[in-house]
Amino acid sequence: MKKIAIIALAAAAFVALAGCSKKEAVKNASSDGRPTIRLVTDATGIDDKSFNAAAWRGIVEFYGESVENAKSRGTLYDIVTCQTQDQYLPTLKQLADEGYDIICATGFTFSDAITEIADEYPEQKFVIVDVDWVGRPNVKEFVFHEEEGSYLVGLAAALQAQEDGIANPKFGFIGGVPGSTITKFEMGYIQGIKAVYPKAEFFDYYANDWGKPELAKTQAKNWYNMGVYAIFSAAGGTGNGTIAQAKEMRYAGKNVWAIGVDSDQYEDGVYAEGKSAVLTSMIKRVETSLLIALNDFAEGKFAGGVVNLSLKDGGVDYSKANKALNIKVIDAIEAAKKDIVSGAVKIYPTYKEALAQGIAPAGLGAIDD
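Presented here is a report on the structure given in the accompanying data block.

Looking only at helices and strands, the chain features 11 helices and 14 strands. Its C-alpha atoms give the chain a radius of gyration of 22 Å, within 12% of the compact-globule value 21 Å for 369 residues. Taking all 369 residues of the chain together, the buried fraction comes to 53%. For the chain, the share of sequence-separated contacts (at least 6 apart) that also reach a separation of at least 24 residues comes to 69%. Considering the chain, the positive charge centre built from 37 side chains and the negative charge centre built from 48 side chains are found 2 Å apart.

Bringing the packing of helix H5 (residues 146-163) against helix H10 (residues 327-342) into the picture now. Here H5 crosses H10 at 150°, and the two axes come no closer than 9 Å. Classified by the angle between their axes, H5 and H10 sit roughly antiparallel to one another. Crossing angle aside, the handedness with which H5 passes H10 is right-handed. Listed contacts from H10 to Glu 148, Tyr 151, Leu 152, Leu 155, Ala 156, Leu 159, Gln 160 and Glu 163 of H5 are Lys 328, Val 329, Ala 332, Ile 333, Ala 336, Lys 337 and Ile 340. Split into classes, the residues belonging to the contact of H5 with H10 amount to 10 nonpolar, one polar and four charged.

Attention now moves to H10. For H10, spanning 16 residues, the distance from its first C-alpha to its last is 23 Å, which sits close to the expected 22 Å at 1.5 Å a residue. Those residues of H10 lying buried are Val 329, Ile 330, Ile 333, Ala 336, Lys 337 and Ile 340. The arc that holds the buried residues of H10, viewed along the axis, is 120°, so those residues lie on one side. Of the exposed residues in H10, those oriented more than 90 degrees away from the buried face are Ile 327, Lys 328, Lys 338 and Ser 342. If you follow the buried residues of H10, they end up packed against H5 and strand S14 (316-318). At the N-terminal boundary of H10, the capping side chain belongs to Asn 326, with an oxygen 2.8 Å from the backbone nitrogen of Lys 328.

Procedures and definitions
Residues numbered from 1 in each chain as written. Predicted model: local features only at pLDDT ≥ 70, side-chain atom pairs only at ≥ 80, totals over all residues. Heavy atoms only, no water. Helix = DSSP H or I, 4+ residues; strand = E, 2+ residues; numbered from the N terminus. Rg over C-alpha atoms; globule rule 2.2 N^0.38 Å. Buried < 20%, exposed > 50% of the residue type's maximum accessible area, 1.4 Å probe, protein only. Contact = heavy atoms within 4.5 Å. Lys, Arg positive; Asp, Glu negative; His and termini not counted. Charge placed at Lys NZ, Arg CZ, Asp CG, Glu CD. Axes fitted to C-alpha atoms, helices over the stretch in contact; angles between N-to-C directions. Parallel < 35°, antiparallel > 145°, perpendicular 65-115°, else oblique. Left-handed = near helix turned anticlockwise from the far one by under 90°. Nonpolar A, V, L, I, M, F, W, Y, C, P; charged D, E, K, R; others polar. Expected span 1.5 Å × (residues − 1). Arc of directions from axis to C-beta. Polar contact = N/O pair within 3.5 Å; in protein donor to acceptor, adjacent residues only side chain to side chain.

Structure representation (structure tokens):
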């Protein structure tokens, strides 16, 4: 019994010492006055090529480094990937215990865990992206007007179809996990399309997952084969399946398009020299939120609350990287941007509003909660 007790005490002491050494390492990392931060993501990590990748770019940019040459990774900043949602809370707790200046979680699926841990660690600074309902004084929340950027890419797809002489084009939307944030993507996209084709046929599908591109690829193949012209995916890594399928189709000579999200996904759609299956991308500057949070901390003015980033703020936009995007289409989108900023064009962010206005069709998978 004595031997067992001694072993148990030794193990406890080792854990305590490990915790102390970790805290000491964190303290040493920030000895030059720059903040330390850990980015917490779902299973898709920073290789999703869209949402999480954009957050990571913002972090490395703050430190004057690059994704390709992230010299301070592991000291000043790093990423922690949670394979399942039941890992969210213990992961956040461990990071709070380790004493980083800022802990950032990306995505609304982290909202419950962030709320709980923020109460448990009131002195710890947290950042969450795509959430505006936590309401804790130590949590800075960032939300975007995704409906504005999505309107632009919906307009792009519809106008490009018009330039191609397609009389009755069909359009598709693939979402990841349904929720109010992804609904804003879908509603904006529909409204951009309907501004050109009021009676356009529209389909949607929700994969209920951020990291299953095979689901999007199968759905995209079905839709493209039944005449869908363009598919916009707001589904994290899942949406990469749409791009993969569009690449195959365009390489085979079929006139179909994928639309990227969050980051400019032009390069992911390249199927031949100078040719990409990604017509445009809804750029959501998630990196801006990380830059704001880190700069605020560095300047001693970090505070909880909600920060809204819109088209006017440079929070959302669209990509013009694809030379196949007709110049007439670009001119029309640029004019629309001015109308959105001025308020001349009203975009409804919720399914309820879009339904009431007779814009969105009934029976979609979108939800407002």
